[in-house]
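Geometric and topological summary
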Amino acid sequence: MASQEQLSAIKGAKVLMVGAGGIGCELLKTLALSGFQDIHIIDMDTIEVSNLNRQFLFRQSHVGQSKAKVARDAVLRVRPNISITPYHANVKESRFNVDFFKEFDVVLNGLDNLDARRHVNRLCLAADVPLVESGTTGFLGQVTVHLKGKTECYECQPKPAPKTYPVCTITSTPSKFVHCIVWAKDLLFAKLFGDKNLENDLNVHSNDAANSSEHSDVFEYRKDEDIEEYGRRIYDHVFGHNIEVALSNEETWKNRNKPRPIYSKDVLPEKLSEQNGNMEKGCVTDDVSAMASLGLKNPQDVWSLGENSRVFLEALRLFFLKREKEIGNLTFDKDDQLAVEFVTAAANIRASSFGIPLHSLFEAKGIAGNIVHAVATTNAIIAGLIVIEAIKVLIKDSNNYRMTYCLEHPSRKMLLMPVEPYEPNKSCYVCSETPLSLEVNTHRSKLRDFVEKIVKAKLGMNFPLIMQGASILYEVGEDLEEDMVAIYAANLEKLLVGLCLLSRIFSRSSHAISISSIGKNLMRRRNLMECFSLDGLNLLLIRTRISLLEMVKVHPMLYQQRRVWRPRRTLQFRKFQR
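Residues numbered from 1 in each chain as written. Predicted model: local features only at pLDDT ≥ 70, side-chain atom pairs only at ≥ 80, totals over all residues. Heavy atoms only, no water.

Take the overall build of the protein chain next. Assigned secondary structure in the protein chain consists of 19 helices and 15 strands. For the protein chain, buried positions account for 52% of its 578 residues. The contacts in the protein chain between residues at least 6 apart in sequence include a share of 67% that link residues at least 24 apart. Carbon and sulfur atoms make up 49% of the accessible area of the protein chain, which totals about 28,300 Å². (Helix = DSSP H or I, 4+ residues; strand = E, 2+ residues; numbered from the N terminus. Buried < 20%, exposed > 50% of the residue type's maximum accessible area, 1.4 Å probe, protein only. Contact = heavy atoms within 4.5 Å. Areas by Shrake-Rupley, 256 points an atom, 1.4 Å probe, with all protein chains shown as cover.)

Rendered as structure tokens:
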């Protein structure tokens, strides 16, 4: 039974939820039933068929609609007297800035990707708003509490790169080549050659009304059917028809690049029989290969769309002609040459449709990925734990904050393992005042290399600003003038040594600069002040004040040892030449 203090805190709280998916649906329901009166939800996704088995606020009729808006409507039918404000938008949009986050008493995360989590973490630090973070993978889950200066922030400990991917990303909105590999391996390959009784998220219904009924499966192979015609039918369905079905949902593509449907007739001649197949019919070999059949020799070559299409159809043909007895029992094996060829070709065709760079067979073979098999019970448990921690935060019961881990197998006879939050990591480049430096060959590296490989990829900066003394070398923002955008674009192609030479003009005497008035002005117009400075001739010193919680001196620190991040409080100057 909640105490009067808890009930009062709950009713007076203004809560921001980020994410209305698996965890988000359960969390919104639990918040409403717990008595929260003012809830705001941000989610950019629309409802997919694959969501319906675990996101219980959604129904078949909601497919294609905004998750945030449908979740709001569903909960208001149960609790009509509370206020729920949905935002069908990306949390990275400029309107969700520091001032926006300051309006809330606590932020509750139910996100499914590392980049968005980092973004929300930094906004909460800048706004000094408590964050309750969460995540699930199958039977595993965790809830962590993050308060500025009291507990570690979300980025105090390095996060491993995710190796699993949400089903909706794989089936509907891939943005990386690995998403296409997982789709080709775990969905398409499994559908065509694996156990027919297993559930699969691929759309199996054709738009050909003459040859299909409501319950027909376009993947069914008829014995009297020409194998090339069957292959083209599969090709046109998964790369053409299914893409057109996805495009019909305009809400999904408001903030994303639209894919393009690809049909076999657009990339291949009408008949491939004479071109494909150097192997004689009836020839049985242990090593069946579409590459060998088509005369493709180098696995490190990146095939064109046409070549990928030929490999796709040839690999499918060889499976049905040479390995027909195995069909229905196959699972993907990276040592199965024909399976790797089929998956590589299928992934590349899908990547081409979504504007993702193509990869070679050698690269594709080395990419691993597994779909997240979400468990509704885990989501419900984690949602309950989030609310428990949120209530502790609201009543400022800091002695009882807990980070709780949901385990698949009991540990010390417990499936829920609570631990006290850790103190902030003094070496964290996000929430601490420990500076960060990088040693780099400025004669070979361009500013673009630095921005893309370090600032964005390694440090996770979304809106970086790079300064040389008091001069801005690079900035990202919606309010930039066209001439400044052109100047920044030109700077990206310059070698760092050329940019660093400017330090003779701007500053040679000091190795610790202060961001004062210019920093405050920047802070007013940016979500996060992600500010770097270049100094020195051959040594690039990165000053990252991502925490930006106070305007303090920015001290250089050294990124040494190529294998590990090792922040240091004292600067050691060394020229780095190859």
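Our next topic: the pattern of salt bridges. Two side chains carrying opposite charge are able to pair once their charged atoms lie near each other. Within the structure shown, the criterion is met by 21 salt bridges. With a closest N to O distance of 3.0 Å, R95 and E93 form a salt bridge. For E493, the salt bridge is made with R448, and the minimal N-O distance between the two is 2.5 Å. Remark: R448 occurs in helix 15 (residues 447-456) and E493 occurs in the loop between helix 16 (482-492) and helix 17 (496-500); sequence separation between them is 45 residues. Each of K446, R448, E452 and E493 takes part in one network of salt bridges that share partners. (Salt bridge = Lys/Arg side-chain N within 4 Å of Asp/Glu carboxyl O.)

Moving on to the packing of aromatic side chains. Following the criterion strictly, the structure yields 22 aromatic pairs and no others. Look at W183 and F239: their rings are 5.8 Å apart centre to centre, the planes differ by 55°, and that puts the pair in the tilted class. Taken together, the residues W183 in helix 7 (residues 177-193) and F239 in helix 8 (residues 227-247) connect sequence positions 56 residues apart. In terms of burial, W183 and F239 fall into one category: buried. Connected via pairs of aromatic rings, a cluster forms that spans W183, F189, F193, Y221, Y230, Y235, F239, F312, F319, F320, F332 and F342. Seen from the ring of F104, K14 lies directly overhead, with NZ or CZ sitting 5.2 Å from the centre. For R350, the ring lying beneath its charged end belongs to W183, and the centroid distance is 4.5 Å. (Phe/Tyr/Trp six-rings, centres within 6.5 Å; stacked < 30°, edge-to-face > 60°. Lys NZ or Arg CZ within 6 Å of the ring centre and 35° of its normal.)

We now examine the environment of L108. One can find L108 in strand 4 (residues 106-109). Among the residues examined, L108 registers a relative accessible area of 0% and is labelled buried. In this structure the C-alpha to C-alpha distance between L108 and I386, which are 278 residues apart in sequence, comes to 7.4 Å. Beyond its immediate stretch of four places on either side in the chain, L108 contacts V15, L16, M17, V18, L27, L31, V132, I386 and A390.

Where strand 9 (residues 403-411) lies against strand 10 (residues 414-419), five bridges are found, and the strand directions are antiparallel. By the bridge assignment, M403 is partnered in strand 10 with V419. (Pairing = 2+ DSSP bridges.)

The next thing to look at is the pairing of strand 1 (residues 14-18). Burial runs high along strand 1: four of the five residues are buried. Here strand 1 runs beside strand 2 (residues 38-42); their pairing, made up of five bridges, is parallel. If you follow V18 over to strand 2, its bridge partner there is I42. Where the polypeptide runs from strand 1 across helix 2 (residues 22-34) and back to strand 2, its parallel neighbour, the crossover connection is right-handed. For strand 1 and strand 4, the ladder comprises four bridges, and the chain directions are parallel. Paired with M17 across the two strands is L108, which belongs to strand 4. (Right-handed = clockwise from strand over helix to strand, strands pointing away.)

Moving on to helix 14 (residues 376-394). Its 19 residues give helix 14 an end-to-end C-alpha distance of 27 Å, which sits within 8% of 27 Å, the value for a rise of 1.5 Å per residue. Of all the 19 residues making up helix 14, 14 are buried; the element is thus mostly covered by neighbouring parts of the structure. Following helix 14 by one or two positions, K396 has its phi on the positive side, about 60°. (Expected span 1.5 Å × (residues − 1).)

Reading across the sheet, the eight strands line up as 3-2-1-4-5-6-9-10 and stay open at both edges, with mixed pairing between neighbours. The open sheet has two free edges, formed respectively by strand 3 (83-87) and strand 10, since each of these has just one partner strand. Across the sheet, the axes of successive neighbouring strands diverge by a mean angle of 20°, strand direction being ignored. Here helix 5 (residues 114-127) sits on the sheet and contacts strand 1, strand 4 and strand 5 (131-137); the angle it forms with strand 5, its principal contact strand, is near 165°. (Axes fitted to C-alpha atoms, helices over the stretch in contact; angles between N-to-C directions.)

Positionally, I327 belongs in the loop between helix 11 (305-322) and helix 12 (337-353). The class for I327 is buried, based on a relative accessible area of 18%. Counting along the chain gives 135 residues from I327 to L192, while the straight-line C-alpha distance between them is 7.9 Å. Among residues more than four places away in sequence, those in contact with I327 are L192, F193, F319 and F320.

The interhelical angle for the contact between helix 7 and helix 8, taken along N-to-C directions, is 140°, at an axis separation of 13 Å. Taken together, the axis directions place helix 7 and helix 8 in an arrangement best described as oblique. Once helix 7 is placed against helix 8, the crossing between them reads as right-handed. Here W183, L188 and L192 of helix 7 come into contact with helix 8, specifically with Y230, I234, V238 and F239. Taken together, the residues that form the contact of helix 7 with helix 8 break down as seven nonpolar, no polar and no charged. (Parallel < 35°, antiparallel > 145°, perpendicular 65-115°, else oblique. Left-handed = near helix turned anticlockwise from the far one by under 90°. Nonpolar A, V, L, I, M, F, W, Y, C, P; charged D, E, K, R; others polar.)

Okay, the nonpolar core next. Membership of the largest hydrophobic core comes to 57 residues, with the highest contact counts inside it found for W183, L188, L192, F193, F239, F312 and F342. Mapped by element, the contributors of at least two residues to this core are helix 7, helix 8, helix 10 (290-294), helix 11, helix 12 and helix 13 (361-366). No other element matches the twelve residues that helix 7 contributes to this core. Those residues in contact with F312 that lie beyond four places of it in its chain are L188, G231, I234, Y235, F239, F342, A345, A346 and I349. Grouped together as the second largest cluster of nonpolar side chains are 44 residues, A9, C25, L57 and V75 included. (Core = buried A, V, L, I, M, F, W, Y, C linked by side-chain atoms within 4.5 Å.)

Residue R412 is not a glycine yet carries a positive backbone phi of 55°. Tracing the chain through its elements places R412 in the loop between strand 9 and strand 10.

These values are about where atoms sit, not about what they do.
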